[in-house]
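Here is how the chains run, residue by residue.
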Amino acid sequence: LCFPQRRNSRRQKASLCRRCGKHNSSTQVFLGVGSSSPGVIVALYGIVRGAAEDLAASERRRRHESAHLVAGYRLGLPVAEYSAGDRPRVEFYYKTGTYTRDDAEALACVALSGAVGECEAFGQAKGAQQDFADLQDIFDRVQPPLSPAEQQSATRRACLNAYGVLYGLSLIHI
């Protein structure tokens, strides 16, 4: 990073880089464009910021989907389809119809593992809306039906189990 400096000579007032001693015209161009057309600078800032946010969102999606993949694999669910490209995703084969409570516990763990993996990496989960919709679908198919209190307890257990499957139970302090 170069910082401009002024020469001692009064005749030459050009900005020079302190480190390399060459003319630093990028600062002058930036100030010139910013003073005459501030919208250009704002647009450039928006483009750069948007690209950085897209990169962070892409990393977040990869972490989220890879957590689903790891949890499903470790719990023995066969992988139906996965993609690790621009739109990462994973789907598993699992039985249709109704679920037992034990089936629901395993599927709930996989459903919430993406949110758990995202929270561990980024401190919060932004991509878990579909996971919670899937979790509710799982709970709706359990026979005998779960009460709201049982669903809440199963959700808490699923988060704890997902953390244990992804990172090991030795890290959990109860």
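Rules of the game
Residues numbered from 1 in each chain as written. Predicted model: local features only at pLDDT ≥ 70, side-chain atom pairs only at ≥ 80, totals over all residues. Heavy atoms only, no water. Helix = DSSP H or I, 4+ residues; strand = E, 2+ residues; numbered from the N terminus. Buried < 20%, exposed > 50% of the residue type's maximum accessible area, 1.4 Å probe, protein only. Axes fitted to C-alpha atoms, helices over the stretch in contact; angles between N-to-C directions. Parallel < 35°, antiparallel > 145°, perpendicular 65-115°, else oblique. Contact = heavy atoms within 4.5 Å. Nonpolar A, V, L, I, M, F, W, Y, C, P; charged D, E, K, R; others polar. Core = buried A, V, L, I, M, F, W, Y, C linked by side-chain atoms within 4.5 Å.

Student: Account for the side chain of S113, with residues named and values stated.
Tutor: The topology assignment puts S113 in helix α3 (residues 101-122). Classification of S113 by relative accessible area gives buried; the value is 0%.

Student: Break down the packing of α3 against helix α4 (residues 129-140) for me, with residues and values.
Tutor: Where α3 meets α4, the closest approach of the two axes is 9 Å, and the angle between their N-to-C directions is 175°. It follows from the interaxial angle that α3 and α4 lie roughly antiparallel. Where α3 abuts α4, its residues A104, L107, A108, A111, L112, G114 and A115 lie against D131, F132, L135, I138 and F139. Residue composition of the contact of α3 with α4, by class: 10 nonpolar, one polar and one charged.

Student: Go over the nonpolar core, please, and point to the residues and values.
Tutor: The biggest cluster of nonpolar side chains holds 25 residues, and the ones touching the most others in it are I138 and F139. Of all the secondary structure elements, the ones that give two or more residues to this core are α2 (38-74), β4 (89-92), α3, α4 and α5 (148-167). In terms of residues, this core owes the most to one element, α3, which gives eight residues.

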